[in-house]
Amino acid sequence: MKARAFDYRRVASVAEALDAYAACSGEARYLAGGQSLLPALNLRLDAPDLLIDIGRIEALRGIAIDGESLRIGALTRHAETLASPLIGAHAPILTQAAAYMAHPAIRNLGTMGGSLSLADPASELPACMRALGATLEITGPDGVRAVAADDFFRDLYETALVPGELLTAVRVPLAAPGSRMHFSEIARRRGDYAMVGLAANLVLADGIVTSARFGFCSVGPTPMRAPATEAMLTGRPLDPDAIAAARAALAEDLSPDDDDSLSGAARMHLARVLLGRVLATLGDGRVEAVAA
Amino acid sequence: MIAPQPLAVTVNGSPVRRFVEPRLSLADFLRGDLGLTGTHLGCESGACGACIVNLDGQPVHACLMLAVQVDGMRVDTIEGLSDAGVLADLQAAFHARNALQCGFCSPGILVVAHDCLASWDASGTVPSREAIRDALSGNYCRCTGYEAIVDAIESTARARRNRGVAA
């Protein structure tokens, strides 16, 4: 199918993008990489009057350490995430997750800001941002505001962005000493949507877990944290007993619904399998993540 | 009334200027306006990979781009890559290994394989079959000729590596 007719405007700055949005009398959408928006237009799931092409705004590019965090521009392509040494050193779950994100040709155009703004609960980056404790930088007519990833994802495809606002960057805290991170997912086919995905971010001190943050894909309407499981692991060594206890605790955190592709019970089973695998990997120290 | 937009793009090395509707996809522009029908359209949602072309040297889905987005950029289609001769050994290997079958998916697969072979070549490695399958994960072959396709790419990588070592 073909997209319904729309007007198009390419802008060179964030201010120009916001102005174009405000000036549109109908519905406008920001176009970054277009790798989710264009299929939606082709299928006529979406039919805006105006596309505002932000894809060439230089200020939205770049990956750099800024104080205690890594600042990643919203236009960072998935292929750049995969290749960035800074991201690899400070947020290796993003590097690992990027390898699962669709296919190489999609990764050449798809952007971090686009993926997070769409907030598909099956996609990898939203879950990673919750696991990392990232902050999202949002620019609107009244200036810039920061929203924690835990508060950004509201419901299915629903975020804290209000119409006209633009996600301009992501801030990821630099990894603490003793950090161990791992991302993995179970999919039917390479590059397909995950049946379940997991971004895990642990901190260990003298063999004891001092902090645990999980972000699950595809098990609820948003990327899901797992508070009971995180609490179960905290304060104990990452040994087989702790992993078994964490797997049992997951039932308190997640209750995926049945859908056409998988029953909720099967999805829950896969989530538990994946949690066990990821924790075993981290426990072995085979994925001794990061810098610092 | 939505006005057509001016578009200036380099396609297969030649400058092209046209006015296009904003909603026109790059794939439809290449096929309909320029007659470059080697770029095939299958799913029009980024899953099948038949429409993949190089944009400024990197593979992208031509169905997931608007023609207006590529203003000022360089597009190389299967026709351009084929005429330039850079695919000759790969095409010969596809023929020899019976990896072409109905041919509908071949243009996208050749563009992707060409890109991967360049990076494998540069790193001096012969890819594993798993790495080849991973690289092709965005390309569907409805004839299911995957084994032959992986064979052809693997043998091309090996031949290029051997030539590189010899030279």
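Details of the structure are given in the entry above.
Numbers given to residues run from 1 along each chain, matching the order in which its sequence is written. Key to labels: chains lettered from A, ligands numbered from 1, both in the order written. Per-residue local features are limited, in this predicted model, to residues with pLDDT of at least 70; the limit for side-chain atom pairs, both in listing and counting, is 80 or more; totals at the level of whole chains, interfaces and linings are taken over all residues. Only hydrogens and water are removed before side-chain values are computed, so all heavy atoms of the structure are retained for them.

Colleague: Tell me about the overall build of chain B, and name the residues and values.
Modeller: Along its length, chain B carries 6 helices and 5 strands. Reading chain B from its N terminus to its C terminus gives the helix and strand order β-β-α-β-β-β-α-α-α-α-α. The globule rule used here is 2.2 Å times the number of residues to the 0.38 power, and the radius of gyration it is set against is calculated over C-alpha atoms. A compact globule built from 167 residues should have a C-alpha radius of gyration of about 15 Å, and chain B, at 17 Å, falls within 12% of that. In this analysis, two residues are considered to be in contact whenever any of their non-hydrogen atoms come within 4.5 Å of each other. Contacts in chain B between residues at least 24 apart in sequence constitute 56% of all its contacts with a sequence separation of at least 6. Just so you have it, chain B exposes about 7,400 Å², and 51% of that area is on carbon and sulfur atoms. Here the positive residues are Lys and Arg and the negative ones are Asp and Glu; neither His nor the chain ends is included. In plain terms, the charge of a residue is placed at NZ if it is Lys, CZ if Arg, CG if Asp and CD if Glu. In chain B, which carries 13 positive and 17 negative side-chain charges, the distance between the mean positions of the two groups comes to 4 Å. Here a helix means four or more residues in a row that DSSP labels H or I, a strand means two or more in a row labelled E, and each is numbered from the N terminus. Every accessible area reported is derived by Shrake-Rupley at a probe size of 1.4 Å, with residue values counting cover from the shown protein chains alone.

Colleague: Before we move on, could you go through the pairing of strand E3 (residues 50–53) of chain A and cite the residues and values that matter?
Modeller: Residues and elements named next belong to chain A. Covered by surrounding structure in E3 are Leu 50 and Ile 52 together with Leu 51 and Asp 53, the residues of both alternating faces. Following DSSP output, two strands are said to pair if at least two bridges run between them. Sheet topology places strand E1 (residues 7–10) next to E3; 4 bridges connect them, and they run parallel. Residue pairing across strands places Tyr 8 opposite Leu 51, the latter belonging to E3. Where strand E2 (residues 28–31) and E3 come together, 4 bridges link them in parallel fashion. If you follow Leu 31 over to E3, its bridge partner there is Asp 53. For the segment spanning E2, helix H2 (residues 37–42) and E3, crossover handedness is right-handed. Each residue is assigned to one of three classes by its accessible area relative to the maximum for its type, calculated with a 1.4 Å probe on protein chains only: buried under 20%, partly exposed between the two thresholds, exposed over 50%. When the strands point away from the viewer and the connection leading from the first strand across the helix to the second strand turns clockwise, the crossover is called right-handed.

Colleague: Go over the packing of helix H11 (residues 240–253) of chain A against helix H12 (residues 264–283) of chain A with me, naming the residues and quoting the values.
Modeller: Residue and element names in this part refer to chain A. Every axis corresponds to a line fitted to the C-alpha atoms, with the helix fit spanning only the stretch in contact, and the corresponding angles, defined between N-to-C directions, vary from 0 to 180 degrees. Relative to each other, H11 and H12 sit at 155 degrees, their axes nearing to 10 Å. In this view, H11 runs roughly antiparallel relative to H12, as classed from their interaxial angle. Every pair of crossing elements has a handedness; the one defined by H11 and H12 is right-handed. Where H11 approaches H12, its residues Ile 243, Ala 246, Arg 247, Leu 250 and Ala 251 are matched on the opposing element by Met 268, Ala 271, Arg 272, Val 273, Leu 275, Gly 276, Leu 279 and Ala 280. Considered class by class, the residues forming the contact of H11 with H12 number 10 nonpolar, 1 polar and 2 charged. For classification purposes, an angle smaller than 35 degrees is called roughly parallel, one larger than 145 roughly antiparallel, one from 65 to 115 roughly perpendicular, and anything else oblique. By convention, the crossing between two helices is left-handed when the near helix turns anticlockwise from the far helix through less than a right angle, and right-handed when the turn is clockwise. Side-chain classes are defined by residue name, with Ala, Val, Leu, Ile, Met, Phe, Trp, Tyr, Cys and Pro counting as nonpolar, Asp, Glu, Lys and Arg as charged, and the others, Gly among them, as polar.

Colleague: Describe the nonpolar core, listing the residues and the values that go with them.
Modeller: Of all hydrophobic cores here, the largest spans 35 residues; its most connected members are B:Leu26 and B:Phe29. Elements that contribute at least two residues to this core include exactly H2 of chain A together with strand E1 (5–11), strand E2 (14–20), helix H1 (26–33) and strand E3 (52–55) of chain B. At 4 residues, the largest contribution of residues to this core is made by H1(B). Sequence-distant contacts of B:Leu26, defined by excluding residues within four places in its chain, comprise B:Val53, B:Ala62, B:Met65, B:Leu66, B:Ala67, B:Val70 and B:Val75. Grouping buried Ala, Val, Leu, Ile, Met, Phe, Trp, Tyr and Cys residues that are joined through side-chain atoms within 4.5 Å yields what is termed a nonpolar core. Judged by nonpolar contacts, the second largest core, of 34 residues, contains A:Ala91, A:Leu167, A:Val172 and A:Ala199.

Colleague: Just give me the short version of unusual backbone geometry, but keep the residues and values in it.
Modeller: A positive phi angle is found at A:Arg44, which is not glycine, with a value near 60 degrees. Topologically, A:Arg44 is positioned in the loop between H2 and E3. You will see that B:Glu44, though not glycine, has its phi angle at about 55 degrees, which is positive. Turning to its location among the elements, B:Glu44 is positioned in the loop between H1 and E3.

Colleague: Outline the pattern of salt bridges, listing residues and values.
Modeller: The salt bridge definition used is simple: a Lys or Arg side-chain nitrogen within 4 Å of an Asp or Glu carboxyl oxygen. For the coordinates displayed, the defined rule picks out 28 salt bridges over all chains. A:Arg10 is the salt-bridge partner of B:Asp71, the closest N and O atoms lying 3.6 Å from each other. Taken together, the residues span two chains, with B:Asp71 in the loop between strand E4 (58–61) and strand E5 (74–76) and A:Arg10 in strand E1. According to the relative accessible area criterion, B:Asp71 is partly exposed, its value standing at 21%.

Colleague: Give me the packing of aromatic side chains: which residues, what numbers.
Modeller: Residues and elements named next belong to chain A. Paired rings are identified among Phe, Tyr and Trp, the last through its six-membered ring, by centres lying within 6.5 Å, and are further divided according to the angle between planes into stacked (under 30 degrees), edge-to-face (over 60) and tilted (the rest). A complete count under the given rule lists 4 aromatic pairs over all chains for this structure. With centroids separated by 5.3 Å and ring planes inclined at 35 degrees, the aromatic side chains of Tyr 21 and Tyr 30 adopt a geometry described as tilted. For Tyr 30, a relative accessible area of 17% puts it in the buried group. Any Lys NZ or Arg CZ that is within 6 Å of a ring centre and within 35 degrees of that ring's normal is treated as a charge sitting over the ring. Lying across the ring of Tyr 100, Arg 190 places its NZ or CZ 5.3 Å from the centre.

These values are about where atoms sit, not about what they do.
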